[in-house]
Amino acid sequence: MKKILLLYYSRHGAVRELARAVAAGVESVAQCEAVLRTVPPVSAECEAVASAIPAHGDVYATLADVDTCDGLLLGSPTRFGTVAAPLKYFFEQTSALWLSGSLDGKPAGVFTSGGSMHGGQESTLLSMMLPLIHHGMIIVGIPFSGTRLGDTTAGGTPYGASHVAGPDNALPFNDDEKRLAETLGRRVAKCACALADAALQQ
């Protein structure tokens, strides 16, 4: 089984729901397993420590989860056009993985949710790609061909999956957003399988 890690932070639940749509795409590919992990919020108190196990939802990610994955999908809410601090804080702890090259050559994708159509979603997706590129990962996006990307009137970008949640985070996911999220998950999973097969043939 190829393990595809979905590592995300969700403040109001929209990114968590988007992660589940991406996971459905991953698991539509034979021999691929979606592993959902989240990160704790960053505390304003310097000595505050989050419980090792969250009270509800997906468990917190460890560096071992990242180290052993066959593919990675990062998800974050849009925060002024960039990634949310909790996810950035977690990923800044991956220097040892960068030094060892454990993510080099593995596929990765990104997804986000924001309050409005023009609230910085695409720049958030692009900002999440930067550390993945530094790790040597192969970035996977969503093509216009064969997808709903050219028709969507809500979320969905060529850079990754997205959802327009509205200013009060109350807008439901529409069919295009869900299907594009599934497409992203499926493409990362297929890339992980193809790269693994190619490595076996060398």
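How each quantity is defined
Residues numbered from 1 in each chain as written. Predicted model: local features only at pLDDT ≥ 70, side-chain atom pairs only at ≥ 80, totals over all residues. Heavy atoms only, no water. Patch = residues over 30% accessible without salt bridge, like charges linked within 9 Å, V, L, I, M, F, W, Y side chains within 5 Å. Areas by Shrake-Rupley, 256 points an atom, 1.4 Å probe, with all protein chains shown as cover. Salt bridge = Lys/Arg side-chain N within 4 Å of Asp/Glu carboxyl O. Helix = DSSP H or I, 4+ residues; strand = E, 2+ residues; numbered from the N terminus. Buried < 20%, exposed > 50% of the residue type's maximum accessible area, 1.4 Å probe, protein only. Pairing = 2+ DSSP bridges. Expected span 1.5 Å × (residues − 1). Contact = heavy atoms within 4.5 Å. Disulfide = S-S within 2.5 Å. Core = buried A, V, L, I, M, F, W, Y, C linked by side-chain atoms within 4.5 Å.

K.L.:
Teacher, can you tell me more about a nonpolar patch on the surface here?
P.N.:
The grouping of Leu 130, Ile 133 and Ile 139 at the surface amounts to a nonpolar patch, some 260 Å² of accessible area in total. Of note, Leu 130 is situated in helix α5 (residues 121–134).

K.L.:
Mind showing me how you'd approach the pairing of strand β3 (residues 71–77) here?
P.N.:
Two faces make up the sheet, and in a regular strand the side chains alternate between them. With seven of its seven residues buried, β3 lies for the most part within the structure. Because side chains alternate across β3, one face comprises the buried residues Gly 71, Leu 73, Gly 75 and Pro 77, and the other comprises Leu 72, Leu 74 and Ser 76, equally buried. As paired elements, strand β1 (residues 2–8) and β3 share five bridges and run parallel to each other. Its bridge partner lying in β3, Leu 5 is registered against Leu 72. The sheet contact formed by β3 and strand β4 (residues 107–114) spans six bridges and is parallel.

K.L.:
Please explain the pattern of salt bridges as it appears in this structure.
P.N.:
A side chain of one charge can pair with a side chain of the opposite charge if their charged atoms are brought near each other. Counted by the stated rule, this structure contains six salt bridges. Note that Glu 92 is salt-bridged to Lys 88, the shortest N-O span being 2.3 Å. A residue is classified by how much of its surface remains accessible, and Glu 92, at 49% relative accessible area, is partly exposed. Here Lys 88 falls in the partly exposed class, since its relative accessible area comes to 42%. For Asp 175, the salt bridge is made with Arg 148, and the minimal N-O distance between the two is 3.5 Å. Residue Asp 175 is located in helix α6 (residues 175–201), and its partner Arg 148 is located in the loop between β5 (138–139) and β6 (161–164); the two are separated by 27 residues in the primary sequence. Overall, Arg 148 belongs to the partly exposed group, its relative accessible area being 27%. One salt-bridge network, held together by shared partners, links Arg 148, Asp 175, Asp 176 and Arg 179.

K.L.:
Where do I start with helix α1 (residues 14–27) in this structure?
P.N.:
Because the α-helix completes a turn every 3.6 residues, residues three or four places apart line up on one side. In a regular helix each residue adds 1.5 Å, so 14 residues correspond to 20 Å; α1 covers 20 Å between its end C-alpha atoms and thus fits that length. Those residues of α1 not exposed but buried are Ala 14, Val 15, Leu 18, Ala 19, Ala 21, Val 22, Ala 23, Gly 25 and Val 26. Looking at the buried side of α1, the elements it contacts are β1, β2 (32–38), β3, β4, β6 and α6.

K.L.:
For this particular structure, what's the right way to read the state of the cysteines?
P.N.:
The final tally for this structure, using the stated rule, is zero disulfides. Cysteine Cys 32 remains unbridged, with the sulfur of Cys 193 as its closest cysteine sulfur at 3.3 Å. Looking at Cys 191, it has no disulfide partner, and the nearest cysteine sulfur is the one in Cys 193, 9.4 Å off. For Cys 191, a relative accessible area of 29% gives the class partly exposed.

K.L.:
Explain unusual backbone geometry to me, please; I cannot follow it from the model alone.
P.N.:
Only a minority of non-glycine residues have a phi that is not negative, and only a minority of peptide bonds are not trans. In the Ramachandran plot, Gln 31 falls in the positive-phi region, its phi being about 70° despite a non-glycine side chain. In this structure, Gln 31 sits in the loop between α1 and β2. For Phe 80, which is not a glycine, the phi torsion comes out positive at approximately 55°. In this fold, Phe 80 is placed in the loop between β3 and α3 (85–91). Given a relative accessible area of 89%, Phe 80 falls into the exposed group.

K.L.:
How should I be thinking about the nonpolar core in this particular structure?
P.N.:
For soluble globular proteins, nonpolar side chains are generally found buried alongside one another. If you look at the biggest cluster of nonpolar residues, it comprises 28 residues, and the most contacted ones within it are Ile 4, Leu 6, Val 26, Leu 73, Phe 111, Ala 161 and Leu 184. If you list the elements that add at least two residues to this core, you get β1, α1, β2 and α6. Apart from the residues within four sequence positions on either side, Ala 161 is in contact with Leu 18, Val 110, Phe 111, Thr 112, Leu 125, Ile 142, Leu 180, Ala 181 and Leu 184. Leu 7, Leu 72, Phe 90 and Leu 125 belong to the second-largest nonpolar core, a separate cluster that totals 24 residues.

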